Amino acid sequence: AAGLVIGAAGGAGIATAVSDDGSVTTGAGGSRALTSVGSTEVVFHGRHQPGITTPLQARGHLVAFDLAAGAGRKEAAALLRRWSATARTLMAGEVPSGDTGIALDAGPSSLTVTFGFGRTFFDRTGLAARRPAQLDPLPAFSSDAVDPKRSEGDLWVQIGADDALVAFHALRALQKDAGDAARVRWQMNGFNRSAGATARPMTARNLMGQVDGTNNPKTTDPDFDRRIFVPTGATGAQDWMAGGSYAVVRRIRMLLDDWEGLPRERQERVIGRRKADGAPLSGGSETTPLDLDKRGPDGKLAIPDNAHARISAPEQNGGAAMLRRPFSFHDGIGADGTPDAGLLFVCWQADPLRGFVPVQRKLDRGDALSPFIRHESSGLFAVPGGAAEGEYVGQRLLE
Ligand code: HEM
């Protein structure tokens, strides 16, 4: 599991390691004297890649690369080997050779680097026979306004860190590693709230001001692994994906001027939850389950028929579930004078046809949120399991 090492403060020399199953162990820590944000280290090697169940980081970069003309399986394997070595070094807070110095003085700051393969990767590397059916193109949705130039790609890299310089440092190092083998197809930059900005750890808010992430599957749920990760015994074209997951990436623009013009009560009915604390409109607190049948004194459903949380709930979609792990984005003011801002929606699932696709199909048909958002780009990536010690990510496919 992608373990998390928290608070390796030099003086006390005590580190707390949190693993994916939620168990906590303490032991001797590193030698750096850092406060909590900088010293948190996520472990690179493990059954799953880091950056999936890792808590949201304050800063993120999503980058897609295309293999260069003439680069095939051999070059791709060498690239993944270089990328894995760099990711391991940087996530441990070590300084690579020929370093730019951008992250000097900072600790690992929860840096994670996650690698994925897009559908086109398999044709370019002669590996089409091992492409899983899960990478079949997503269906077109009626509300899509997708720009192909900012969509898909042979390779995908997700970088997250709790410090902007640490994240940028990793981005530069990985771009340099690409060398002649691959070039950037698109890049998106995102952010979340910084650790320590709230008095206690709380669910994040998005740029619409909503508490977002409440009903995500929890790593402690008995069916979490089955829903999010490809099983260890996967066979056929999926054998190399054991312990992996599929990432759906959508750049979703928020039409903030329109949204902010809605009175709060109407904003709350769009989602089906209160803005202040994220509690369902059927009552209780943030973590109270939605009561989808509850009616108010007027006989109307407390959580409206077209509320986003009702339509996307697993109970309404034959159990389809996904782990949403987004970053917000803001790229200034668009040509139309409105903020080019929204959500870099990233969701994780063992199979997109039992996660994103059925849910988005239903949202597309009548989600109250739809008039306030626009899907502007789309990507689907196979993210293999984590690398064991001495292994690189994707080795089981590429060697
Ligand atoms: C729930 C916002 C797009 C799937 C929620 C909630 C909010 C929210 C505020 C309620 C709190 C929570 O449980 O996290 C947004 C915004 C979006 C967006 C602002 C676009 C900018 C999507 C998309 C999908 C999706 C594209 C999938 C196709 C879900 C799911 C839930 C949810 C599965 C949990 C439902 C439940 O089990 O209660 N979303 N969402 N959302 N959303 Fe979205």
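Residues numbered from 1 in each chain as written. Predicted model: local features only at pLDDT ≥ 70, side-chain atom pairs only at ≥ 80, totals over all residues.

Colleague: Requested: an account of the UniProt feature "domain: Dyp-type peroxidase N-terminal" (unreviewed entry) in the chain, with residues and values cited.
Modeller: Residues annotated in UniProt with the feature "domain: Dyp-type peroxidase N-terminal" (unreviewed entry) correspond here to residues 49–192. Summarising residues 49–192: 28% helix, 23% strand, and an end-to-end C-alpha distance of 21 Å. (UniProt positions renumbered as here; feature names shortened; annotations may be inferred. Helix = DSSP H or I, 4+ residues; strand = E, 2+ residues; numbered from the N terminus.)

Colleague: Would you mind going over the site of the ligand in detail, with residue names and values included?
Modeller: Residues in close proximity to the ligand total 27 residues, the closest being Gln210, Thr214, Asn215, Ser312 and Gln360. Counting residues per element, the ones that place at least two in the shell around the ligand are strand 9 (245–254), helix 8 (308–312), strand 12 (339–349) and helix 9 (356–364). No other element matches the four residues that helix 9 contributes to the shell around the ligand. In the shell around the ligand, the residues fall into 16 nonpolar, nine polar and two charged. (Near = placed C-beta within 6 Å. Nonpolar A, V, L, I, M, F, W, Y, C, P; charged D, E, K, R; others polar.)

Colleague: Residues and numbers for the pairing of strand 9, please.
Modeller: Burial within strand 9 is extensive, with nine of its 10 residues counted as buried. Two elements, strand 9 and strand 13 (residues 373–383), share 10 bridges in a ladder whose sense is antiparallel. Counterpart to Tyr246 in the pairing with strand 13 is Ala382. Direction of pairing for strand 9 relative to strand 12: antiparallel, over a ladder of eight bridges. What sits directly across from Val248, in strand 12, is Cys347. (Buried ≥ 20, exposed ≤ 12 C-beta atoms within 10 Å, placed from the backbone. Pairing = 2+ DSSP bridges.)

Colleague: An account of helix 4 (residues 164–178) is requested, with residue identities and associated values reported.
Modeller: Residue pairs three or four apart in sequence face the same way in an α-helix, which turns once every 3.6 residues. Taking 1.5 Å per residue as the helical rise, helix 4 with its 15 residues ought to reach 21 Å, and the 21 Å between its terminal C-alpha atoms agrees with that figure. Every buried residue of helix 4 is accounted for by Val166, Ala167, His169, Ala170, Leu171, Ala173, Leu174, Asp177 and Ala178. Residues of helix 4 that are buried sit in contact with strand 5 (59–67), helix 2 (73–91), strand 6 (112–118), strand 7 (155–161) and strand 8 (182–191). Just downstream of helix 4 lies Gly179, where phi reads positive at about 50°. (Expected span 1.5 Å × (residues − 1). Contact = placed C-beta atoms within 7 Å.)

Colleague: Any details on the environment of Leu323? Residues and values, ideally.
Modeller: With respect to the secondary-structure elements, Leu323 resides in strand 10 (residues 323–324). Assessed through the 22 C-beta atoms surrounding it within 10 Å, Leu323 is described here as buried. Once the C-alpha coordinates of Leu323 and Arg253 are considered, the two residues, 70 residues apart in sequence, prove to be 20 Å apart. Excluding residues within four positions of it along the chain, Leu323 makes contact with Asn216, Pro217, Ile228, Cys347 and Trp348.

Colleague: Describe helix 2, listing the residues and the values that go with them.
Modeller: With 19 residues, helix 2 should cover 27 Å at 1.5 Å per step; its first-to-last C-alpha distance of 26 Å lies within 8% of that length. The complete set of buried residues in helix 2 reads Ala76, Leu79, Leu80, Trp83, Ser84, Ala87, Leu90 and Met91. Buried residues along helix 2 cover an arc of 140° about the axis, so they all sit on one side. On its buried face, helix 2 is in contact with strand 4 (41–42), strand 5, strand 6, helix 4, strand 8 and helix 10 (395–398). Of the residues flanking the end of helix 2, it is Gly93, one or two places downstream, whose phi is positive at about 80°. (Arc of directions from axis to C-beta.)

Colleague: Outline the UniProt feature "domain: Dyp-type peroxidase C-terminal" (unreviewed entry) in the chain, listing residues and values.
Modeller: The residues that UniProt annotates with the feature "domain: Dyp-type peroxidase C-terminal" (unreviewed entry) are residues 203–387. In residues 203–387, the share of helix is 17% and the share of strand is 22%. The end C-alpha atoms are 30 Å apart.

Colleague: How would you summarise the packing of helix 2 against helix 4 if you had to cite specific residues and measurements?
Modeller: Closest axis-to-axis distance for the helix 2/helix 4 pair is 9 Å, and the angle between their directions is 160°. Between helix 2 and helix 4, the angle is such that the two are roughly antiparallel. For helix 2 against helix 4, the interelement crossing comes out right-handed. Only Ala170, Ala173, Leu174, Asp177 and Ala178 of helix 4 make contact with helix 2, whose side of the interface consists of Leu79, Arg82, Trp83, Thr86 and Leu90. Looking at side-chain class alone, the contact of helix 2 with helix 4 contains seven nonpolar, one polar and two charged residues. (Axes fitted to C-alpha atoms, helices over the stretch in contact; angles between N-to-C directions. Parallel < 35°, antiparallel > 145°, perpendicular 65-115°, else oblique. Left-handed = near helix turned anticlockwise from the far one by under 90°.)

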